[in-house]
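Spelled out from the first residue to the last, the chains are:
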Number of protein chains: 2
Amino acid sequence: MTDSRTTDLPVTERTRLRRETERGCFDRSTIDAIIDTAPICHVGFTDDDGRPVVIPTIHARVGDTLYLHGSAASRALRRMAGGIDVCCTITHLDGFVVARSGFASSMNYRSVMVFGTARLVTDPAEVATALAAIVEHVLPGRKGEVRPDTAKEIAATKVIALALTEASAKVRTGDPVDEPDDLGTPVWAGVVPLRMVADAPQPAPDVADDVPVPASVQQVLATFR
Amino acid sequence: MTDSRTTDLPVTERTRLRRETERGCFDRSTIDAIIDTAPICHVGFTDDDGRPVVIPTIHARVGDTLYLHGSAASRALRRMAGGIDVCCTITHLDGFVVARSGFASSMNYRSVMVFGTARLVTDPAEVATALAAIVEHVLPGRKGEVRPDTAKEIAATKVIALALTEASAKVRTGDPVDEPDDLGTPVWAGVVPLRMVADAPQPAPDVADDVPVPASVQQVLATFR
């Protein structure tokens, strides 16, 4: 969101690509753009028995920190609040890559994996910053359109921070890469581009007719058009 | 894909919802529909040090089994082939729920979590079934349009199976649920529906002009229109 830097992140044992290394990327501008434009992420952690759990959730980046949030009563949030290892993966699916063989078929995508240790945010100012960033992440400007959070609402919420220090992006773009023997056959190959679009906003039934669609929603419609 | 059953799955310690229980669902028809219509999933597992890793990948369901695949050289596939616990999460994002407060704001979604022990598929017939299902998962009919996989391609691929025995769906639909005190304020609230669309297919540069867009791609265009 803010204070974006474009320093390259170090390549670690976990983020180094062993295969298809041309798809790997460690520069912060690429990583940040993927994070900032994805509505949701999938966060992985282990349960009390060490077994993996993956949940979809909204995220927001503020500078070098990725924030997650949820109900203070949530099992996942309580577990992460304990300071465990997490992996937060953010994926944009950009297209189906239709090759001349099943084997060469693929997808175009942009994804980021962030590895780190979850930190429960307890400083009230940082909690407020994180919660505002999460609202603004999908609805830019919304914080200025709604009332502030109440103390009760803040108490019912847990915020988790993840330092953006060990992360990598992986990106595939472009045409299928077919086997040389398959070229020249009368089989169609190419890419079917995919994107997320927003349809016309549906007002809640209790919204008065003279209340206009706000700027934040207009912004979403412009982004996902 | 095939042989879909609609039996309810048992509620386990891992799949039981503690909160928002009205969003939980254990019936196979709901679970199967979410799995079958999502192009990708996010699979979580632990690395050699017990730390979580989450990767995006294509999946396919055949009856009571979820299949994943990848390069035989991939770290993730080699790790899963060892029969470890995995959690495969499949998410459709259906809309932004714009409430009159940040706290009540939400998203509409349909998601499934499948928990289980990964099984490396070694039976050649099951490998063939799984690989065909994975191609057909996003491109229905494509198997009949391309040549069969070669022995070399099959040897270069690992297929992982996950029994669909411990799984649950979580679904949120509809309007924001605002605090009573926020109703009647001149703040817009509602839902911005989201969906994935396909744009015009882009033929690879080496496809002859007289090769038509195949039925499988036409099917994708009809699905993501």
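Analysis parameters
- Residues numbered from 1 in each chain as written.
- Chains lettered and ligands numbered in written order.
- Predicted model: local features only at pLDDT ≥ 70, side-chain atom pairs only at ≥ 80, totals over all residues.
- Heavy atoms only, no water.
- Helix = DSSP H or I, 4+ residues; strand = E, 2+ residues; numbered from the N terminus.
- Buried < 20%, exposed > 50% of the residue type's maximum accessible area, 1.4 Å probe, protein only.
- Contact = heavy atoms within 4.5 Å.
- Areas by Shrake-Rupley, 256 points an atom, 1.4 Å probe, with all protein chains shown as cover.
- Least-squares fit on C-alpha atoms with pLDDT ≥ 70 in both.
- Pairing = 2+ DSSP bridges.
- Core = buried A, V, L, I, M, F, W, Y, C linked by side-chain atoms within 4.5 Å.
- Buried area = accessible area lost by both parts, 1.4 Å probe.
- Salt bridge = Lys/Arg side-chain N within 4 Å of Asp/Glu carboxyl O.
- Polar contact = N/O pair within 3.5 Å; in protein donor to acceptor, adjacent residues only side chain to side chain.
- Nonpolar A, V, L, I, M, F, W, Y, C, P; charged D, E, K, R; others polar.
- Phe/Tyr/Trp six-rings, centres within 6.5 Å; stacked < 30°, edge-to-face > 60°.
- pLDDT = per-residue confidence, 0-100.

Student: Tell me what's going on with the overall build of chain A, and back it up with residues and numbers.
Tutor: Secondary structure assignment for chain A yields 5 helices and 11 strands. Taken along its principal axes, the extent of the C-alpha atoms in chain A is 65 × 50 × 35 Å. Across the 225 residues that make up chain A, the buried fraction comes to 52%. Once local pairs closer than 6 in sequence are excluded, the contacts in chain A between residues at least 24 apart make up 72%. Summed over its atoms, the accessible surface of chain A is roughly 9500 Å², and 54% of this surface lies on carbon and sulfur atoms.

Student: Tell me about the relation of the copies chain B and chain A, and name the residues and values.
Tutor: You can overlay chain B on chain A at an RMSD of 0.0 Å; the transform is a turn of 180° with a shift of 0.0 Å along its axis. Taken together, these values place the two copies in the relation of a two-fold axis. Minimal C-alpha separation from the rotation axis in chain B is found for Met196(B), amounting to 2.2 Å. Of the residues that chain B buries at the interface, 100% are likewise interface residues in chain A, meaning the two copies contact each other through the same surface.

Student: Could you give an account of the environment of Ile31(B), naming the residues involved and the relevant values?
Tutor: All names here are of chain B. Tracing the backbone through its elements, the reader meets Ile31 in helix H1 (residues 28–37). Overall, Ile31 belongs to the buried group, its relative accessible area being 0%. Considering only alpha carbons, one finds Ile31 and Phe115, 84 residues apart in sequence, at a separation of 13 Å. Non-local contacts of Ile31, meaning those with residues more than four positions away in its chain, are made with Leu9, Cys25, Phe26, Val112, Ala167, Ser168 and Ala169.

Student: Which residues make up the pairing of strand E8 (residues 157–163) of chain B, and what values go with them?
Tutor: All names here are of chain B. For E8, the buried fraction is high: 6 of the 7 residues fall into the buried class. By the bridge criterion, 7 bridges tie strand E4 (residues 65–71) to E8 in an arrangement that is antiparallel. When the bridges of E8 are listed, Thr65 appears paired with Ala163.

Student: Run through the nonpolar core, naming residues and quoting values.
Tutor: Formed by 64 residues in total, the largest nonpolar core has its most connected members in Met80(A), Val114(A), Met80(B) and Val114(B). Residues in contact with Met80(B), not counting those within four places in the same chain, are Val43(B), Phe45(B), Leu68(B), Val86(B), Ala118(B) and Ile160(B). Judged by nonpolar contacts, the second largest core, of 31 residues, contains Leu93(A), Met107(A), Ala189(A) and Leu131(B).

Student: Give me the interface of chain B and chain A: which residues, what numbers.
Tutor: Contacts between chain B and chain A engage 88 residues on the former and 88 residues on the latter. For the pair chain B and chain A, the two sides together bury roughly 7300 Å², of which 65% comes from carbon and sulfur. Counting the surface chain B buries against chain A, the share from its top three residues, Pro52(B), Arg75(B) and Trp188(B), is 10%. Linking Asp199(A) and Arg195(B) is a salt bridge whose minimum nitrogen-to-oxygen distance equals 2.6 Å. Counting across the interface, chain B meets chain A through 27 residue pairs in polar contact (both at pLDDT 80 or more). Elements with a minimum of two residues in the side of chain B that touches chain A: strand E2 (40–46), strand E3 (52–62), strand E5 (85–98), strand E6 (106–117), helix H3 (124–138), strand E10 (190–198), strand E11 (202–203) and helix H5 (215–223) of chain B. The element contributing the most residues to the side of chain B that touches chain A is E10(B), with 9 residues. Here the side of chain B that touches chain A is composed, by residue class, of 53 nonpolar, 14 polar and 21 charged. Bridge analysis of strand E10 (residues 190–198) of chain A against E10(B) gives 5 bridges, and the strand direction is antiparallel. In the sheet register, Val197(A) faces E10(B), and the bridge partner there is Arg195(B).

Student: Outline the packing of aromatic side chains, listing residues and values.
Tutor: Any aromatic ring pair is given by two values, namely how distant the centres are and how the planes are angled relative to each other. With the rule as written, the count across this model stands at 2 aromatic pairs over all chains. Relative to Phe96(B), the ring of Phe224(A) lies with its centre 5.8 Å away and its plane at 65°, an arrangement referred to as edge-to-face. Here Phe224(A) is found in the segment after helix H5 (215–223), whereas its partner Phe96(B) is found in strand E5 on a different chain. Like Phe96(B), Phe224(A) is buried.

Student: Account for the pairing of E4(B), naming residues and giving values.
Tutor: Residues and elements named next belong to chain B. Of all 7 residues in E4, 5 are buried; the element is thus mostly enclosed. As paired elements, E3 and E4 share 4 bridges and run antiparallel to each other. In the sheet register, Val62 faces E4, and the bridge partner there is Thr65. Connecting E3 to the next strand, E4, in antiparallel fashion are 2 residues, including Gly63 with a positive phi near 60°.

Student: An account of the environment of Leu139(A) is requested, with residue identities and associated values reported.
Tutor: You can see Leu139(A) is positioned in the loop between helix H3 (124–138) and helix H4 (151–155). Residue classification places Leu139(A) among the buried positions, given a relative accessible area of 3%. With 78 residues separating them along the chain, Leu139(A) and Val217(A) place their C-alpha atoms 6.5 Å apart. Residues contacting Leu139(A), with those up to four places away along its chain left out, are Ser216(A), Val217(A), Val220(A) and Val98(B).

Student: Can you break down the pattern of salt bridges residue by residue, with the values?
Tutor: Residues and elements named next belong to chain A. In this structure the tally under the stated criterion is 34 salt bridges over all chains. Its salt-bridge partner being Glu126, residue Arg119 comes within 2.8 Å of it at the nearest N-O pair. Arg119 sits in the partly exposed class, given a relative accessible area of 39%. Classification of Glu126 by relative accessible area gives buried; the value is 19%.

Student: Report on the confidence of the model for chain A, specifying residues and quantitative values.
Tutor: Residue and element names in this part refer to chain A. Averaged over all residues, the pLDDT of chain A equals 94, while 97% of them reach at least 70. Here residues 1–5 scores under 50 on pLDDT; set against residues more than four positions off or in separate chains, the count is 15 contacts. In the predicted complex, the global pTM is 0.94; the interface-specific ipTM is 0.94.

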